[in-house]
Amino acid sequence: MARKISYQQAINEALAQEMRRDQSVFIIGQDVSGGTGAPGEQDAWGGVLGVTKGLYPEFPDRVLDAPLSEVGYVGMAVGAATRGMRPVCELMFVDFIGCCLDQLLNQAAKFRYMFGGKTTTPLVVRAMYGAGLRAAAQHSQMLTSMWTHIPGLKVVCPATPYDAKGMLIQAIRDNDPVIFLEHKMLYSLQGEVPEELYTVPFGEANFVREGNDVTLVTYGRMVHVAMEAAANLARQGIDCEVLDLRTTSPLDEDSILESVEKTGRLVVIDESNPRCSIAADISALVAQRAFSFLRAPIEMVTAPHTPVPFSDALEDLYIPNAAKIEAAVLKIADKRNAA
Amino acid sequence: MIHTLTMPKWGLSMTEGRVDVWLKQQGDSVEKGEEVLDVETDKISSSVEAPFSGVLRRVLAQTDETLPVGALLAIVVEGEASEAEIDAVIEAFQAGFVSSAAEAEASGPSAQKVEVGGRLLRYLDLGEGGTPLVLVHGFGGDLNNWLFNHPALSAQRRVIALDLPGHGESGKHLQTGDVQELSDAVLGLLDHLNIDRVHLAGHSMGGLVSLNLARLAPQRVASLTLIASAGLGPEINGDYLQGFTEASNRNALKPPLIQLFSDPALVNRQMLEDMLKFKRLEGVDQALRQISGQLFGGGRQLIDLRNMVGQQPGLVIWGSDDAIIPASHAQGVEAQVEILPGQGHMVQLEAAERVNELMLGFLKIQP
């Protein structure tokens, strides 16, 4: 049996192995080494949740603690990427995007296009995202649709330790800026991960469960919630197919359409807020391209259009859960019109 | 006699299985060896056979229910038993179950890795005694290709399955990828384990490796079992080899993989994803190209070791509908030849019971 490690360890291992392989890979971010140059740095914590722990002692010249200025260090990483380095820049919480938006939206994402392909920007921005950690409205957002909306950026949301390692290696080797989103609630998730290097390509969704009755499309932490719902629904005789998008940009449109053409029913699950979301985008795609295959209206299960609440009870209510997915499936499962 | 029918463990990685369909209903009589239910795992679906005859008195696992390995599926009663006696057996089983499942996980057999000749080799060593049997998988495979054979065969003797260089969890870097390099790895492992003499069983390319070992070190080979083996004739499905080697996504990989099986439904998305996981590992793409160039360049088998058969006792097994290497290659070889009707290239997986029976029968009569 392949070795099992956590999602967090998988990310750490991908960084370490790529830094060993390629001298141009370096890490920059707030607290990534836990205070470079400070006493005790050798066993420093390694990022706010310890994901980069242990890397500074091995690569003291390539794990750089940045000051509290996203505009400064993200901009620096973008520049370094255009000059042949492969920076892995840690934004800590994705909620801090506002502090460096121009560097990513108007600079990194545009260079290849505006310079006629003469410049590449092999940058990775790692960030934690998602709710569930009781971290309140400024540290719990998804914001996946904001990133996905910007042409020139690739957006990666691994759901398993296996994907986390393979997609981070792919992100580091990719010649375009990649936003690599790590769901905080998945860090301790264990899974089989090869010790060797490998890459998981972007734009290929993963069929995590095959089924014939209803297609559940989702990504990130919600993959596991959708699987829980699918297991419960199977006991009621409803056979769900669960599709993990893995990347929201590029988007594997073919797999979504292929599945909906088979099942005729779609529920899109997105932990993000509903307006202009991945859920809305996929619903539009299917309505436009596979309308004649649909046997029931498309359902979306998303967070409500509010900030993430700090109250435990309200946060639990805010995040989509298996019961909500099951209710959405049951709502459309018996509709057999226009078959 | 009250028997408990439990969730089987197929291969190393199976931790749970889903009840797909009950082929027998409560109250039905079952004969030993009869299929009672179908179970699906993340790797493969297969039938669970009754290890004893009797009446299926209780069906305890529901269709679609996912249960851990070792969990109680049903009660089969041989002769007479009261409902109260059955209840008592179920109660005692369930009370003891959690700990025994955890124990099985902790102490279950696990593959090992050794460095042989500067390269990592993974192998799984089961059973004890007798002249050991070594199982050698085919092109693009790994030791899990023997998932349904390895445990059954190891009831009789020590049985070792390995991952060839470039495959499974063994080292991926190859010098040339020729049959010599693959054979040397097997010999290196035997030396490492201090084993002088073995029975060899090879599937497909593993059969070619076994034949080459019989050529290199005849004194170390007690017998040869060749399953859908390479090395016995020139034809091989070049489209399959090319398609399999070049495929880098699910849709490209599916058509070649379907050619391996007689039942195309076995090639589900999980199997495709598992195969892609192997193909994504650094070095695999190059290793597969090197090996296929050396052994099967131009869509033909470049190495013929047919004249090696007959020097040791031999068993040749083939699926009649093999779409990769034609079963006609079995004709006229100096060995016990068994053609299994309707079966494909992965005959040891799809017709595991029959292959195990043939192999156990063959090995039993070897000195």
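It should be emphasised that the depicted structure is a prediction, and the values quoted were computed from it without experimental measurement.

Some remarks on the overall build of chain B
Helix and strand counts for chain B come out as ten helices and 16 strands. Relative to the globule expectation of 21 Å for 367 residues, the C-alpha radius of gyration of chain B, 21 Å, shows essentially globular dimensions. For chain B, the spread of C-alpha atoms along the three principal axes comes to 65 × 50 × 40 Å. Looking at the 367 residues of chain B, the share that counts as buried comes to 44%. Sequence separation of 24 or more characterises 65% of the internal contacts of chain B that already satisfy a separation of 6 or more.

Looking at the interface of chain A and chain B
Each partner contributes residues to the interface: chain A has 15 residues there, and chain B has twelve residues. Contributing elements (two or more residues each) for the side of chain A that touches chain B: strand S9 (206–209) and helix H8 (222–235) of chain A. Top element by residues in the side of chain A that touches chain B is H8(A). It accounts for three residues. Its residues assigned to classes, the side of chain A that touches chain B shows eight nonpolar, three polar and four charged.

With respect to the pairing of strand S12 (residues 159–162) of chain B
Residues and elements named next belong to chain B. Neither face of S12 is left uncovered, since the one carrying Val159 and Ala161 and the one carrying Ile160 and Leu162 both have all their residues buried. In this sheet, S12 lies alongside strand S10 (residues 119–126) in antiparallel orientation, the contact comprising four bridges. Note on S12: the bridge partner recorded for Tyr123 is Leu162. Here strand S11 (residues 133–136) pairs with S12 via four bridges, running parallel. Paired with Leu133 across the two strands is Val159, which belongs to S12.

Re helix H4 (residues 101–108) of chain A
Each α-helix winds once per 3.6 residues, and so residues spaced three or four apart point in a common direction. Residue and element names in this part refer to chain A. The set of residues buried in H4 consists of Gln103, Leu104, Gln107 and Ala108. In a view along the axis of H4, the buried residues occupy a sector of 115°, so they form one face of it. On its buried side, H4 packs onto helix H3 (70–82), helix H5 (111–114) and strand S5 (124–129).

With respect to the sheet that holds strand S14 (residues 221–227) of chain B
All names here are of chain B. A sheet is described by the order of its strands in space; here eight strands give the open sequence S9-S10-S12-S11-S13-S14-S15-S16, paired in mixed fashion. Strand pairing shows two members of the sheet lacking a second neighbour, strand S9 (112–116) and strand S16 (336–340), which therefore form its edges. Mean inter-strand twist for the sheet, computed between neighbouring axes without regard to direction, equals 20°. In the packing of helix H4 (residues 205–216) onto the sheet, contacts are made with S11, strand S13 (198–203) and S14, and the angle to S13 comes to roughly 145°. Of the strands in this sheet, S11, S13, S14, strand S15 (314–319) and S16 touch helix H10 (residues 352–364), which is tilted by about 170° from S15.

Notes on the domain arrangement of chain B
Residue and element names in this part refer to chain B. Taken as a whole, chain B is organised into domain 1 (2–107) and domain 2 (112–364). One C-alpha centre belongs to domain 1, the other to domain 2, and the line joining them spans 32 Å. Between domain 1 and domain 2, the residue contacts involve six residues of the former and seven residues of the latter.

What to know about the sheet that holds strand S5 (residues 45–49) of chain B
Strand pairing within a sheet occurs via backbone hydrogen bonds; the two strands may be parallel or antiparallel. All names here are of chain B. Strand order in the open sheet made by the four strands is S5-S4-S2-S7, with antiparallel pairing throughout. What marks the edges here is a single partner per strand, and that holds for S5 and strand S7 (66–68). Ignoring which end each strand starts from, the neighbouring axes of this sheet average 40° apart.

What to know about helix H3 (residues 179–192) of chain B
All names here are of chain B. A rise of 1.5 Å per residue sets the reference length of H3, with its 14 residues, at 20 Å; its end C-alpha atoms lie 20 Å apart and thus fit the reference within 8%. The complete set of buried residues in H3 reads Val179, Glu181, Leu182, Ser183, Asp184, Ala185, Val186, Leu189 and Leu190. Looking at the residues trailing H3, positive phi occurs at Asn194, about 55°.

Focus: the domain arrangement of chain A
By a widely used convention, the size of an interface equals the accessible area lost when the partners come together. Residue and element names in this part refer to chain A. We note that the domain assignment places domain 1 (4–192) and domain 2 (206–333) within chain A. For domain 1 and domain 2, the distance between their C-alpha centres works out to 27 Å. Put simply, the parts of the chain that give the side of domain 1 that touches domain 2 at least two residues each are helix H6 (144–148), strand S6 (154–156) and helix H7 (161–173). The residue makeup of the side of domain 1 that touches domain 2, split by class, is 13 nonpolar, eight polar and three charged.

Overview of the packing of H8(A) against helix H12 (residues 322–333) of chain A
All names here are of chain A. Closest axis-to-axis distance for the H8/H12 pair is 8 Å, and the angle between their directions is 55°. For the element pair H8 / H12, the angle class is oblique. The way H8 lies across H12 gives a crossing that is right-handed. Only Ala322, Ile325, Glu326 and Val329 of H12 make contact with H8, whose side of the interface consists of Val225, Ala226, Glu228, Ala229, Asn232 and Leu233. Per-class residue counts for the contact of H8 with H12 are seven nonpolar, one polar and two charged.

Rules and cut-offs
- Residues numbered from 1 in each chain as written.
- Chains lettered and ligands numbered in written order.
- Predicted model: local features only at pLDDT ≥ 70, side-chain atom pairs only at ≥ 80, totals over all residues.
- Helix = DSSP H or I, 4+ residues; strand = E, 2+ residues; numbered from the N terminus.
- Rg over C-alpha atoms; globule rule 2.2 N^0.38 Å.
- Buried ≥ 20, exposed ≤ 12 C-beta atoms within 10 Å, placed from the backbone.
- Contact = placed C-beta atoms within 7 Å.
- Nonpolar A, V, L, I, M, F, W, Y, C, P; charged D, E, K, R; others polar.
- Pairing = 2+ DSSP bridges.
- Arc of directions from axis to C-beta.
- Axes fitted to C-alpha atoms, helices over the stretch in contact; angles between N-to-C directions.
- Domains from an automatic or database assignment.
- Expected span 1.5 Å × (residues − 1).
- Parallel < 35°, antiparallel > 145°, perpendicular 65-115°, else oblique.
- Left-handed = near helix turned anticlockwise from the far one by under 90°.

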